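# Descriptive structure summary
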Amino acid sequence: MIIGTALLELPLKQSIRSEFTSLRPGSPFPQVEHECVVGVLLRCVLLGLEEELQLTRQSQEFSQVRIDYHGALLALQEHGTRMVCTGKMHTDRICRFDYLCYCTEAEEFVFFHSNASVMLPNLGPRRFQPALLDLSSVEDHNTQYFNFLELPAAALKFMPKPVFVPDVTLILNRFNPDNLMHIFHDDLLPIYYTMQQYSDLDDEARLVFMEGWGEGAHFDLYRLLSSKQPLLKEQLKTFGKLMCFTKSYVGLSKMTTWYQYGFVQPQGPKANILISGNEIHQFASFLMERLNVTQEEGDDYIVVFKRTTNRLILNEAELLLSLAQEFQMRTVTVSLEEQSFDSIIQIISGATMLVSMHGAQMISSMFLPRGAAVVELFPYAINPEQYTPYKTLASLPGMDLQYVAWRNTMEENTVTYPDRHWDQGGIIHLEKEEQERILASKEVPRHLCCRNPEWLFRIYQDTTVDIASFLDILRETLKKPNLKKAKVASTVHPGRVREPKCQTSVQATNEAKLSVSWQIPWNLKYLKVKEVKYEVWIQEQGENTYMPYILPHQNYTFSENIKPFTTYLVWVRCIFNKNLLGPFADVLICKT
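In this report, the structure presented in the accompanying data block is examined. (Residues numbered from 1 in each chain as written. Predicted model: local features only at pLDDT ≥ 70, side-chain atom pairs only at ≥ 80, totals over all residues. Heavy atoms only, no water.)

## A closer look at the sheet that holds strand 16 (residues 353-357)
Pairing is parallel in the open sheet, where 5 strands are placed in the order 15-14-16-17-18. A single partner strand is all that each edge strand has here, and the edge strands are strand 15 (330-334) and strand 18 (402-407). Averaged over neighbouring strand pairs, the angle between their axes works out to 20° when direction is ignored. Strand direction decides the pairing type here: strand 16 and strand 17 (residues 373-378), joined by 5 bridges, are parallel. Within strand 17, the position partnered with Ser356 by the bridge is Glu376. Along the sheet face, helix 8 (residues 316-327) touches strand 14 (301-305), strand 15 and strand 16 and points at about 145° away from the line of strand 15. Running at roughly 155° to strand 18, helix 13 (residues 467-477) makes contact with strand 16, strand 17 and strand 18 of the sheet. (Pairing = 2+ DSSP bridges. Helix = DSSP H or I, 4+ residues; strand = E, 2+ residues; numbered from the N terminus. Axes fitted to C-alpha atoms, helices over the stretch in contact; angles between N-to-C directions. Contact = heavy atoms within 4.5 Å.)

The structure is reproduced here in C-alpha cells:
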C-alpha cells in the first residue's frame, strides 16, 4: 500500500567524510590496509544509509506526509515519549502522545523514557488499577483497557529500527464491528465527536483499530470519517516490528453514548445521558453528505424493515396492506441483506414511519426526519420496557421522533427454534428441566449480558403480528405524523433572573410577610417562549427542608408559614416550557 514515497535528503559526502576524520595522512596503517579499512567503513555507511532510506519508505507507505526519518529517530532517542491526558479516571480519560510506539511482536505499546519525557498524569502503579484508559466507548469493560510498557530510550539501540507513522492518529477499539447498533452507538458517533474535540484530528487524521477484528461487513462506514484508510491491528505487523506514532490520541469520548448493555446491571439507558437529538441529527447529516445521499422528497410513505434469516414477520404482506389502508400511505420494504446501506438510508430519510422487529437495524431510525414515528415490534415473552436502546434514542430531547412498542402476547402466534445452535436461540444443549422451564415461561426475567439462553430463545422467534392489536396501539399512541409541520423543538435554557430582591414586614407577633421580586432573564427578551414560569425556594435558616413554589409572575408576597423575627434563604430561577430549567440566582438572605 505505497501511497507516496519521498526521498530523504542526506548530506552523503559530508557523512562519509565525517566517518573518516581519524584516518589522516601519516596514519600508522599501511596504505593497503588503510584502503581496506576505508572500503569497509564506506560499505557500512552506505548500508546504514540504505537501511534508513528503506525505513523512510516504510514510514511513507502510510501517508503522503513527508517524514524526516533521521530527525524523527533523533527526537525519539533524545526526547522519548510525551503524554498529556484529560480526564480524572480511566473511564473518562483521553491521552495525547508524541512518539508512542507499538511492538508488533509483543503486541504491546511502549513508552520510552528520557530526561525530556512527559507523563501526565503520572499515576505510578495506579495506572494498573485497572488501566490508564478505556480504548472503547463502552465504559470499564475489561477487554477494552489500554496501558503501555516502559523502557529507557537507550534501549532503542538494541531494538529493531522503528517505522514511523507520520499522520496524526486516533487509536481505539471498535466494540463489535459486525453489529450496526454497536457500530453507530459505540464507534462512529464517539469517533466523530472525539475528532471534533481536537483540531488536529481532522479529515487528514488516520484511525487505528487495535481490538483485533477484521474489517467487518460495514467497514466502509468507518472510511467515511477520514480521507485516510483506517489501519487494523493485523496490518501493523506487515510494516515493521516497532511502529512509532509521531502524534496520536488514544481513547474515545463517551459523551455521545446513551445506552449500557447489561454487563454489570440489566441493560437500560445510561444514568447520565449527555447527548441530545441535535447532535444525532448533525451526525446523521454528516454521514448522508459523505454517502452522497439526499433526503427523499414527495409523498408520505411508511418503511417496514424486512429480516430474511431470523426474527421474521411471518405475515409481512398482511402487515404492509393494513398499514397502507390505515394511514392511506404507500408502504415500502427495505432489507440489509438485499440492499446497500446508503440506499436504505436514502429511503428512511424521507419516511413518515419506520416499522421493524427489535434488532440492530433499528439504529437507522436516527436518519428519520423530525416528526416521524418509530414502531418497534417485540416477539412473544419479551418485555419492551427491558430492552430500550431505540426507545431511548427516539426520546432524546431534540430528536423529535414518536415512539411506539408493540408486543406479541399470543403464544400461538410465535414460532420457536429450540434445535438451533445456542447463539441463534437453541436450547437443546440445556438440561431437560431447564428447557421445560424456558418453554413454560411467559416473560424473560431481567438478566445480564450476553448469553442468557431464555433471552436468546425468545428473541430469535418468528412472529405473526396480530393486526388488530397492532393497529389499536398505533391509534392510541401516535399523533398523525406531519413532516411538513415538524419543527425543531427549542432546547434553549433561560439565563439567571436579574436583580432579585426581598422585602419583609411584621404584621403581628405571629404574623409576617415576605415579598420577593426579580427581573426576567436577559436572554428572554430575544426569545419566543410558549410558557415562562418561575420557581422560588424558601428555606428557614438552620432547617434542612424548603418550600418550593411555581409562579407565573415576577413578584409575589408570601405569608403562609412565614414567621416574624426569622431569617429566610430564598432562591429564584426561571423555567421555559415546563422542563427547560435555568440556574438559580444568588441566594437572598431575608430577615423578617
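Next, the rest of the story.
## Here we look at the sheet that holds strand 21 (residues 498-508)
Strand order in the open sheet formed by 3 strands is 21-22-25, with antiparallel pairing between adjacent strands. Looking at which strands have only one partner, the edges of the open sheet turn out to be strand 21 and strand 25 (555-558). Strand after strand, the sheet turns through a mean of 15° between neighbouring axes, direction not considered. As judged from the 8 bridges shared by strand 21 and strand 22 (residues 511-519), these two strands associate in the antiparallel manner. Paired with Thr504 across the bridge in strand 22 is Leu514.

## Points about the packing of aromatic side chains
Under the definition given, this model contains 30 aromatic pairs. When the centroid spacing of 5.4 Å and the interplanar angle of 65° are considered together, the rings of Tyr69 and Phe164 count as edge-to-face. Of the two residues, Tyr69 sits in helix 3 (residues 69-79) while Phe164 sits in strand 8 (residues 163-172), which places them 95 residues apart along the sequence. Judged on exposure class, the residue Tyr69 and its partner Phe164 are both buried. Taken together, a centroid distance of 4.7 Å and an interplanar angle of 40° make the contact between Tyr192 and Phe286 tilted. Within this pair, whereas Tyr192 is found in helix 4 (residues 180-197), its partner Phe286 is found in helix 7 (residues 277-290), the two being separated by 94 residues in sequence. Classification of Phe286 by relative accessible area gives buried; the value is 16%. (Phe/Tyr/Trp six-rings, centres within 6.5 Å; stacked < 30°, edge-to-face > 60°. Buried < 20%, exposed > 50% of the residue type's maximum accessible area, 1.4 Å probe, protein only.)

## Some details on the environment of Gln265
With respect to the helices and strands, the residue Gln265 is situated in the loop between strand 12 (259-260) and strand 13 (268-269). For Gln265, the contacting residues outside a window of four places in its chain are Gln260 and Leu448.

## Topic: the side chain of His90
Among the structural elements, His90 can be located in the loop between strand 1 (82-86) and strand 2 (94-103). Since its relative accessible area comes to 10%, His90 is described here as buried. Polar contacts involving the side chain of His90 include one to the side chain of Asp140, which spans 2.7 Å. Discounting chain neighbours no more than four positions away, the residues touching His90 are Pro130, Ala131, Leu132, Leu133, Asp134, Asp140 and Tyr145. (Polar contact = N/O pair within 3.5 Å; in protein donor to acceptor, adjacent residues only side chain to side chain.)

## Description of the nonpolar core
Grouped burial of nonpolar side chains is what soluble globular proteins tend to show. Membership of the largest hydrophobic core comes to 74 residues, with the highest contact counts inside it found for Phe184, Ile191, Trp258 and Met366. Counting residues per element, this core draws most heavily on helix 4, which supplies 10 residues. Within the second largest apolar cluster, 26 residues are counted, among which are Met83, Cys95, Tyr102 and Val163. (Core = buried A, V, L, I, M, F, W, Y, C linked by side-chain atoms within 4.5 Å.)

## Quick look at the state of the cysteines
The full count for this structure, using the stated rule, is 4 disulfides. Each sulfur of the disulfide joining Cys101 and Cys244 lies 2.1 Å from the other. Taking the sign of the S-S torsion, about 105° here, the bridge from Cys101 to Cys244 comes out right-handed. Of the two residues, Cys101 is situated in strand 2 and Cys244 in strand 11 (residues 242-250); the sequence distance between them amounts to 143 residues. As far as burial versus exposure is concerned, Cys101 and Cys244 are alike and both buried. Put simply, Cys449 and Cys450 are joined by a disulfide, and their sulfur atoms are 1.6 Å apart. Taking the sign of the torsion about the S-S bond as the criterion, the disulfide between Cys449 and Cys450, at about 95°, is right-handed. With no disulfide partner, Cys103 has as its closest neighbouring cysteine sulfur the one in Cys101, 9.9 Å distant. (Disulfide = S-S within 2.5 Å.)

## Points about unusual backbone geometry
Most peptide bonds take the trans form, and the phi angle of most residues other than glycine is negative. For the peptide bond that leads from Gln129 to Pro130, omega is -5°, which places it in the cis range. You can see Pro130 is positioned in the loop between strand 4 (118-120) and strand 5 (133-134). In this model, Tyr99 sits at a positive phi of 60°, which is unusual for a non-glycine residue. For Tyr99, the location among the structural elements is in strand 2. For Tyr99, a relative accessible area of 17% puts it in the buried group. Phi angles above zero are rare outside glycine, and Glu107 is one such case at about 55°. As for its position among the elements, Glu107 is in the loop between strand 2 and strand 3 (108-113).

## A word on the layout of surface pockets
Put simply, the largest pocket is a space of about 1400 Å³. Asn176, Asn179, His182, Ala360 and Tyr460 are the residues nearest the centre of the largest pocket, which is lined by 43 residues in total. Its residues placed into classes, the lining of the largest pocket shows 22 nonpolar, 15 polar and 6 charged. By volume, the second largest pocket is sized at about 760 Å³. Around the second largest pocket, the lining comprises 33 residues; the ones closest to its centre are Ser137, Val138, Glu139, Lys254 and Lys270. Secondary-structure elements contributing two or more residues to the lining of the second largest pocket are helix 4 and strand 12. In terms of residue count, the dominant contributor to the lining of the second largest pocket is helix 4 (3 residues). (1 Å grid on protein atoms, 1.4 Å probe; cavity = no way out; pocket = protein on both sides within 12 Å on 5 of 7 lines; lining within 4 Å. Points joined across faces, edges and corners; volume = space filled by probe spheres on them. Nonpolar A, V, L, I, M, F, W, Y, C, P; charged D, E, K, R; others polar.)

Spatial relationships are all this shows, so hold off on functional conclusions.
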